[in-house]
Structure formats: C-alpha cells, structure tokens
Amino acid sequence: MTYPWSTIKRWRRDGNWRCGPDGVRIYIGEGCTIADTARLGDGCSLGDGCSLGDGCSLGEGCSLGDGCSLGYRCSLGYRCSLGEGCSLGYGCSLGYRCSLGDGCSLGDGCSLGYRCSLGEGCSLGYRCSLGDGCSLGEGCSLGYRCSLGYRCSLGYRCSLGE
C-alpha cells in the first residue's frame, strides 16, 4: 500500500523517520523535495536531497540514494533500488526489484521490466524499453527508443543507437 505525501508529512517524526498507522515507517533524508501528490510505500527510504515530482509512486521497500531525482509521474515497483545521483525523466516506469547503479540517467518515458539491473553511469534515451530481467553493465548507453527483450545483457560500456 502507498500513502500520499500530503498525509505522510503530518505523521509523527522520529528523527528522519515518519511513523504512520499500523507500524508504517518511511525514511526521508535531509533536504528532500517531495510533491504533495507523490505516493510512498511502507519501508521506503529517500537519501539526502532527493526530489520526487508530481504523481510519482514508490512501491514498498524502495530505496533512493542521495541526490536522486524523479520527474513527473514516475513509478517504481516494490523493492527498487536507485544509487546516488540517479535521474529519471517524466513518466518512467520500473518493475519490481529493479536496481540502478550510481549516476544512472533515464530519459522521459523509459520502461524497465521486472528485476532489471543497470550498472553505474548507464544512460537510456527517450522512451527506451527493457524487458524483464535485462542487465546493462557499467557505462552502457541506449539511444532514442531502443528496446531490449526478455533477459538481454550488455557488457561494460556498450552503446546502442544514437
């Protein structure tokens, strides 16, 4: 279950934790900017300086490193993990248990299936799509509208598209 930020920000504070009904706990780091329409699941953790745009939704147990930025209407499935400094454009969607290394950048409208993994510094262009279980090594780059099917893997610093 996810809760709107407009409600969460009124919950009891315990340090950086927000404590809600029925034992729900959400960690909000220092200096985070969160739109009132954003929704967060139980056990979410936002590092210092994170930014969530209007309509963003984080499933249960999601973890965002320091300085992550999610654009308008981004959606993360449960237990997704983003490293420090990751940036997601508007309308990006990540299936459950996706993992992005430090400094990853996803263009507007990107879609990742379940259990996808991106190494540090990966970059996906506008409306790229990865099927379930895809894995990209450190520094990989996919250009405009690139698409990879089910369980594809790319190694270190591979590049597809422009």
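Summary of the structure given here. Here the structure is a predicted model, which is why all the values come from computation and not from measurement.

**Topic: the sheet that holds strand 24 (residues 147-148)**
Spatial ordering of the open sheet is given by 1-6-9-12-15-18-21-24, a layout of 8 strands whose pairing is mixed. Across the chains shown, the open sheet's two edge strands, defined by having one partner strand only, are strand 1 (2-4) and strand 24. Two strands pair when backbone bridges link them, and strand 1 and strand 6 (residues 39-41) are joined in this way by 3 bridges, in the antiparallel orientation. Looking at strand 6, one finds that Tyr3 is bridged to Leu40.

**A closer look at a nonpolar patch on the surface**
Among the surface-exposed residues, Tyr72, Tyr90, Tyr126 and Tyr144 lie close enough to one another that they form a single nonpolar patch of about 480 Å² accessible area. Its place among the elements puts Tyr144 in the loop between strand 23 (141-142) and strand 24.

**Considering the pattern of salt bridges**
Side chains that differ in charge, positive against negative, can pair when their charged atoms come close. Under the counting rule described, the total for this entry stands at 2 salt bridges. When the shortest N-O distance is used, the salt bridge between Asp14 and Arg25 registers 3.8 Å. One end of the pair, Asp14, is in strand 2 (residues 12-14); the other, Arg25, is in strand 4 (residues 25-28), and 11 residues separate them in sequence. Classification of Arg25 by relative accessible area gives partly exposed; the value is 33%.

**Some remarks on the environment of Gly49**
When you line up the elements, Gly49 lands in the loop between strand 7 (45-46) and strand 8 (51-52). Residues Gly49 and Gly85, spaced 36 residues apart in sequence, show a C-alpha to C-alpha distance of 9.5 Å. Non-local contacts of Gly49, meaning those with residues more than four positions away in its chain, are made with Glu30, Gly31, Cys32, Gly67 and Cys68.

**Overview of the side chain of Arg18**
Looking at the secondary structure, you find Arg18 in strand 3 (residues 17-19). Despite being buried, Arg18 has no salt bridge partner; Glu30 is the closest side chain of opposite charge, sitting 9.2 Å away. If sequence neighbours within four positions are ignored, Arg18 has contacts with Trp5, Ile8, Lys9, Arg10, Trp11, Arg12, Arg13, Val24, Arg25, Ile26 and Ile28.

Conventions used here
Residues numbered from 1 in each chain as written. Predicted model: local features only at pLDDT ≥ 70, side-chain atom pairs only at ≥ 80, totals over all residues. Heavy atoms only, no water. Pairing = 2+ DSSP bridges. Helix = DSSP H or I, 4+ residues; strand = E, 2+ residues; numbered from the N terminus. Patch = residues over 30% accessible without salt bridge, like charges linked within 9 Å, V, L, I, M, F, W, Y side chains within 5 Å. Areas by Shrake-Rupley, 256 points an atom, 1.4 Å probe, with all protein chains shown as cover. Salt bridge = Lys/Arg side-chain N within 4 Å of Asp/Glu carboxyl O. Buried < 20%, exposed > 50% of the residue type's maximum accessible area, 1.4 Å probe, protein only. Contact = heavy atoms within 4.5 Å. Lys, Arg positive; Asp, Glu negative; His and termini not counted.

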